[in-house]
Number of protein chains: 2
Amino acid sequence: MTQHDASGPLGIVAGGGTLPASVADAAIAQGRDVYIVAIGSSADEGLRAYSHTWLEWVDIGSIFNKLRDQGCQEVVIVGGVDRPDLSDIKLSLRALKNVPLVISLVKSGDGDLLGSIVKAFEDRGFIVRGADDIAPELVMTVGPLGRVKPDDSHQFDIDRAFGVIEALGPFDVGQAVIVSQGHVLAIEAAEGTDAILKRCAGLETHQRKTAKKPSGVLVKRPKPGQERRIDLPTIGPETVRNAAKARLAGIALSAGAVLVAERETVIAEADKHGLFISGFDLDEGQ
Amino acid sequence: MTQHDASGPLGIVAGGGTLPASVADAAIAQGRDVYIVAIGSSADEGLRAYSHTWLEWVDIGSIFNKLRDQGCQEVVIVGGVDRPDLSDIKLSLRALKNVPLVISLVKSGDGDLLGSIVKAFEDRGFIVRGADDIAPELVMTVGPLGRVKPDDSHQFDIDRAFGVIEALGPFDVGQAVIVSQGHVLAIEAAEGTDAILKRCAGLETHQRKTAKKPSGVLVKRPKPGQERRIDLPTIGPETVRNAAKARLAGIALSAGAVLVAERETVIAEADKHGLFISGFDLDEGQ
């Protein structure tokens, strides 16, 4: 964990899910104040318990002043957000001053988008830190979480799925893939991990439907070359429940490069459903 | 079009859709008799108009004798089929004699599966021909179908989508990809092209929902290295209608390597919805 010579509270730009609160708690446990800027409709209502403000997309340009006003020098950006709706923004007079930034964000792919966001903060003098840097306890470790372990029969599916994400690197897409018995069942693009799990649960054209035991693996890893200070792949209890509904045997993650939200609940759900969750050292170069 | 020195009717192993009937009509127009083996619940009821038999998956092993009994030496395999349900087959005594073949089919990935099917016919002395060989008029040509043409603004999305399919070649997955403004929205794995179009139509997290004009392209091409005599990528009127609902600007296809079912209706639908459908020469080596 790098310590920057930064004063003031840690600014947390918060999208959806429980990770922003976990990062806030970690910073507070380190004796640090936090200030949360919750984004749009994605952010969790629980964040109101912290020092915070709520920003709609149309006001996104004021985010820098809000953080400066609170004396934040360091910023962490965590939790998923829905992409802004360009047409809505166009219609809003208030948003006019932010149009160049917003358009550049909307026009780019995910990876470009993330890079643009980090750069927008850095250009204005902020230090952008990764959630994994503030709260290393959220980061997936090597080996299994919980009681169930993958066996040799899962290794081919795991390797194949990691390989698919690797191959898609140049196209700035895909942090999650499902492979069963060598067959690639689903590749995540714009729809999100829960969506591919639900799709897999509904696959009727395959022997999965009536198979006697669960098979197949959900694999998550960052896109090769992606900006790692923002949007690391994440799993949480809902991921495990959806994987169980899809009758998968387990979840394989790139150790050191995937965040686990609500780890205790994740482990309890995995044990309950008999799924493995295991971290693999892919040497992704942090 | 290669002419083999084969006697007897052309055997048509028919999955779903209208392509099997189109292939049958093309052969009949060439003065040839046909004999159709319709597979399971996928095949179209319209095939009953031709000389035919209907086979359930459990009886798949008898397909070779059925074709031999009719004097077929040449076979074409066309139209999508649902994968057999291994558990059902296991339970059927009738299927026991076919178990080794069926298990080898079910255990393999798509590409392996297709190769295994062709080999199973060839090992038994049949000549397997491609639907494109029997009915070249079904094959996508270079340039636009219908009135609308892609313009320069679409070329980046088209190139990117063709590139994604290329990159996925080693993993035996993906004949269809949707890209909009450089952003990969969906990659087809086990779910089928109509499913990715419907998913794209439902993407609410993106500016697509309220965008003023359609954008994005559906691209289809064979998986690199796939067995070309079976399961060439296909579009039909429903593909065009679903692309319109997904508010795509058009459809780009690998010329010479994609089949177009019901071409006249496809063109009419494309013109009606203002979509382009265009074939690109990718030099896929036939």
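Keep in mind that this is a model prediction, so the values were computed, not measured. (Residues numbered from 1 in each chain as written. Chains lettered and ligands numbered in written order. Predicted model: local features only at pLDDT ≥ 70, side-chain atom pairs only at ≥ 80, totals over all residues. Heavy atoms only, no water.)

Asks: Got a minute to help me understand the overall build of chain A in this structure?
Replies: Regarding its fold elements, chain A presents 10 helices and 13 strands. Look at the contacts in chain A between residues 6 or more apart in sequence, and 75% of them connect residues 24 or more apart. As displayed, chain A has an accessible area near 11,800 Å², and 51% of this comes from carbon and sulfur atoms. (Helix = DSSP H or I, 4+ residues; strand = E, 2+ residues; numbered from the N terminus. Contact = heavy atoms within 4.5 Å. Areas by Shrake-Rupley, 256 points an atom, 1.4 Å probe, with all protein chains shown as cover.)

Asks: Would you mind going over the confidence of the model for chain A with me for this structure?
Replies: Caution applies to low-pLDDT parts of the model: their predicted coordinates are not meant to be read in detail. Residue and element names in this part refer to chain A. For chain A, mean pLDDT is 84; residues scoring 70 or higher make up 82% of the total. Scored below 50 in pLDDT, residues 89-96 makes 8 contacts in the model with residues more than four places away or belonging to other chains. Scored by ipTM, the complex comes to 0.79, with pTM at 0.84. (pLDDT = per-residue confidence, 0-100.)

Asks: Teacher, can you tell me more about the side chain of B:R199 here?
Replies: By secondary structure assignment, the location of B:R199 is in helix α8 (residues 193-201). For B:R199, a relative accessible area of 15% corresponds to the buried category. (Buried < 20%, exposed > 50% of the residue type's maximum accessible area, 1.4 Å probe, protein only.)

Asks: Explain the sheet that holds strand β4 (residues 74-78) of chain B here, please?
Replies: Each strand in a sheet pairs with another by means of backbone hydrogen bonds, the pair being arranged parallel or else antiparallel. Residues and elements named next belong to chain B. Taken in spatial order, the 5 strands line up as β3-β2-β1-β4-β5 in an open sheet, and their pairing is parallel. Of all the strands in the sheet, just β3 (52-55) and β5 (127-129) have a single pairing partner and so form its edges. The mean angle between the axes of side-by-side strands here comes to 25 degrees, regardless of whether they run parallel or antiparallel. Strand direction decides the pairing type here: strand β2 (residues 34-39) and β3, joined by 4 bridges, are parallel. Its bridge partner lying in β3, I36 is registered against H52. Sheet strands in contact with helix α1 (residues 19-29) are β1 (10-14), β2 and β4, and its direction is about 170 degrees off that of β1. (Pairing = 2+ DSSP bridges. Axes fitted to C-alpha atoms, helices over the stretch in contact; angles between N-to-C directions.)

Asks: What's the story with the packing of helix α9 (residues 237-245) of chain B against helix α10 (residues 263-273) of chain B in this structure? I'm lost.
Replies: When two helices pack together, their arrangement is given by the angle between their axes and by how far apart the axes lie. Residues and elements named next belong to chain B. Two elements in contact, α9 and α10, have axes whose closest approach is 8 Å; the angle formed by their N-to-C orientations is 15 degrees. Here α10 runs roughly parallel to α9, going by the angle between their axes. When you trace α9 past α10, the crossing you get is right-handed. Of the residues in α10, those touching α9 at P237, V240, R241 and A244 are T265, V266, E269, A270 and H273. Each residue belonging to the contact of α9 with α10 can be placed in one class, and the counts come to 5 nonpolar, 2 polar and 2 charged. (Parallel < 35°, antiparallel > 145°, perpendicular 65-115°, else oblique. Left-handed = near helix turned anticlockwise from the far one by under 90°. Nonpolar A, V, L, I, M, F, W, Y, C, P; charged D, E, K, R; others polar.)

Asks: Explain the sheet that holds strand β4 (residues 74-78) of chain A here, please?
Replies: All names here are of chain A. A sheet is described by the order of its strands in space; here 5 strands give the open sequence β3-β2-β1-β4-β5, paired in parallel fashion. In the strand order of this sheet, the two ends are held by β3 (52-55) and β5 (127-129), each with one partner. The sheet shows a mean angle of 25 degrees between the axes of neighbouring strands, taken without regard to direction. Here helix α1 (residues 19-29) sits on the sheet in contact with β1 (10-14), β2 (34-39) and β4, set at roughly 170 degrees to β1.

Asks: Whenever I open this one, the packing of aromatic side chains confuses me. Can you help?
Replies: Aromatic ring pairs are reported here in terms of the distance separating the ring centres and the angle at which the planes meet. Under the criterion given, the structure shown has 8 aromatic pairs over all chains. Where B:F121 meets B:F126, the ring centres are 6.0 Å apart and the plane angle is 70 degrees; that geometry is what we call edge-to-face. Each member of the aromatic cluster is reached from another via a ring pair, and the members are A:F64, A:F121 and A:F126. The lysine or arginine in question, B:R124, covers the ring of B:F64, its NZ or CZ lying 4.2 Å from the ring centre. (Phe/Tyr/Trp six-rings, centres within 6.5 Å; stacked < 30°, edge-to-face > 60°. Lys NZ or Arg CZ within 6 Å of the ring centre and 35° of its normal.)

Asks: Please explain the pairing of strand β7 (residues 176-180) of chain A as it appears in this structure.
Replies: All names here are of chain A. With 5 of 5 residues buried, β7 is to be regarded as a mostly interior element. Residue alternation in β7 divides its side chains into two sets, A176, I178 and S180 and V177 and V179, and both sets are buried. Where β7 lies against strand β9 (residues 217-220), 4 bridges are found, and the strand directions are antiparallel. Bridge pairing links V179 to V217 in β9.

Asks: Would you mind going over the environment of A:H154 with me for this structure?
Replies: All names here are of chain A. Its place among the elements puts H154 in helix α7 (residues 152-167). We classify H154 as buried; its relative accessible area is 13%. The spatial distance from the C-alpha of H154 to the C-alpha of G202 is 22 Å, given a sequence separation of 48 residues. Among residues more than four places away in sequence, those in contact with H154 are V217, A249 and F276.

Asks: I'm lost on helix α9 (residues 237-245) of chain A in this one. Help?
Replies: Three- or four-residue spacings in an α-helix give side chains the same orientation, since the helix completes a turn every 3.6 residues. Residues and elements named next belong to chain A. For α9, the complete set of buried residues consists of P237, T239, V240, N242, A243 and A244. Turning to α9, the residues buried within the fold contact α8 (193-201), β9, β10 (234-235), β11 (250-254), α10 (263-273) and β13 (276-280). Phi turns positive one or two residues past the end of α9, at R247, with a value near 60 degrees.

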